[in-house]
Amino acid sequence: MTISDYRSALVTGASAGIGAAVVADLCARGLTVHAVARREDRLKALAESTGCTTHVLDVRDTAAMDDLFGSLGVDVLINNAGVGRAIQSLPDADPADIDQTIGTNVTAALHAVRSVLGPMIERGRGHIVNVGSVAGLYPLLSGVYGASKGAIHLMSLNLRLELAGTGVRVTEICPGRVRTEFYDAAIDDPNLRHRFKETGITEIASEDVAASISYALDAPWYVNVARVELQPTEQTYGGVNFDPLEGRDE
Ligand SMILES: NC(=O)c1ccc[n+]([C@@H]2O[C@H](COP(=O)([O-])OP(=O)(O)OC[C@H]3O[C@@H](n4cnc5c(N)ncnc54)[C@H](OP(=O)(O)O)[C@@H]3O)[C@@H](O)[C@H]2O)c1
């Protein structure tokens, strides 16, 4: 199974950042791509530049997602829609922000997988790509976001077991810092947002993440790329601004 064996893909969170880059990449590779997000104007512009088919949908609307995703019969799901509300603090979090992050990053991601799997299993081929984060693998000072991406990590591992023998592959993509609008949507306070955004490092581009997804999709059928972890060269475990020599005299 390689990209040329897959005919169609569904990308959630397609109106910006990583999702938009994946749509462009998969369209350029000849797949029929269904792009899902809430902002209609962004999707329209994406359709004009890539030729994708667009669907305006909030992934937290489970019934609407079931109707649409269940009917498309796609070969590939890029489970990418995500937010970082309450990323800065669990103790100070607005309860609605916690619900939005878990509802989008975890609950909707599970429903998306459930709603596309039936036809994949029947055909004996398909690919689930879950966009997690290094925040799901290591503590990065965010209880809410870390919890949401930790759930994606274990969902991906368990799904591999549940789908053993079906021919459906599962890949978890764990990026570090990617240059997108993520923090603009995550943090309202301009000063705090500035502190989170201005890392002083060269961040990964969305296209780099899209390339790692293509690598997984393009592997032959007997290879399941289980996890891709990619970070900026200047980012290390423990945080974006971590400097191992900070505070040392010698
Ligand atoms: N940026 C990073 O540093 C980074 C690092 C690791 C992992 N990630 C993960 O990568 C994924 C993509 O993030 P990004 O960095 O590309 O951020 P982004 O530029 O803010 O894009 C997020 C996308 O998710 C969509 N979305 C959010 N809530 C939605 C909902 N309820 N229904 C449908 N679509 C929804 C947004 O579209 P609408 O607003 O139009 O609905 C947008 O297209 C997320 O899962 C994020 O957690 C990001």
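Being a predicted model, the structure only gives us computed values, none of them experimental.

Caption draft 1: How the structure looks around the site of the ligand. Looking at the ligand, there are 29 residues lining it, with Gly13, Gly17, Arg38, Arg39 and Gly82 nearest. The dominant element in the shell around the ligand, judged by the number of residues it contributes, is helix H1 (residues 17–28), at three residues. Taken together, the residues of the shell around the ligand break down into 12 nonpolar, 10 polar and seven charged.

Caption draft 2: Focus on the sheet that holds strand E7 (residues 227–230). With respect to topology, seven strands assemble into an open sheet ordered E3-E2-E1-E4-E5-E6-E7, the strand pairing being parallel. Only two strands of the sheet have a single partner each, and these edge strands are strand E3 (53–56) and E7. Between one strand axis and the next, the sheet turns through 15 degrees on average, direction left out of account. When strand E5 (residues 126–131) meets strand E6 (residues 168–175), the two strands line up parallel, connected through six bridges. Pairing of His127 across the sheet is with Arg169, part of E6.

Caption draft 3: Quick peek at unusual backbone geometry. Its identity is not glycine, yet Ala86 carries a phi of approximately 70 degrees, on the positive side. Note that Ala86 resides in the loop between strand E4 (76–79) and helix H4 (95–123). Judged by local crowding, Ala86 falls into the buried class, with 25 C-beta atoms found within 10 Å. Phi angles above zero are rare outside glycine, and Leu141 is one such case at about 70 degrees. Relative to the helices and strands, Leu141 is located in the loop between E5 and helix H5 (143–162). On the basis of neighbour count, Leu141 is assigned to the exposed category, with 12 C-beta atoms found within 10 Å.

Caption draft 4: Region of interest: the pairing of E6. Most of E6 sits out of view: eight of its eight residues are buried. Following the backbone out of E5, through H5 and into the adjacent parallel E6, one traces a crossover that is right-handed. Sheet topology places E6 next to E7; four bridges connect them, and they run parallel. Opposite Cys174, over in E7, you have Glu229 as the bridge partner.

Caption draft 5: Up close: H5. With 20 residues, H5 ought to run about 28 Å at 1.5 Å a step, and its terminal C-alpha atoms sit 28 Å apart, in line with that. Along H5, the positions that sit buried rather than exposed are Val144, Tyr145, Gly146, Ser148, Lys149, Ile152, Met155 and Ser156. Looking at the buried side of H5, the elements it contacts are H4, E5 and E6.

Caption draft 6: Representation of the packing of H4 against H5 within the structure. Closest axis-to-axis distance for the H4/H5 pair is 9 Å, and the angle between their directions is 10 degrees. With respect to H5, the element H4 is oriented roughly parallel. Contact residues: H4 offers Ile98, Thr101, Ile102, Asn105, Val106, Ala109, Leu110 and Val113, while H5 offers Val144, Tyr145, Ser148, Lys149, Ala151, Ile152, Met155 and Leu159. Residue classes in the contact of H4 with H5 are distributed as 12 nonpolar, three polar and one charged.

Quick notes on the rules
Residues numbered from 1 in each chain as written. Predicted model: local features only at pLDDT ≥ 70, side-chain atom pairs only at ≥ 80, totals over all residues. Near = placed C-beta within 6 Å. Helix = DSSP H or I, 4+ residues; strand = E, 2+ residues; numbered from the N terminus. Nonpolar A, V, L, I, M, F, W, Y, C, P; charged D, E, K, R; others polar. Pairing = 2+ DSSP bridges. Axes fitted to C-alpha atoms, helices over the stretch in contact; angles between N-to-C directions. Buried ≥ 20, exposed ≤ 12 C-beta atoms within 10 Å, placed from the backbone. Right-handed = clockwise from strand over helix to strand, strands pointing away. Expected span 1.5 Å × (residues − 1). Contact = placed C-beta atoms within 7 Å. Parallel < 35°, antiparallel > 145°, perpendicular 65-115°, else oblique.

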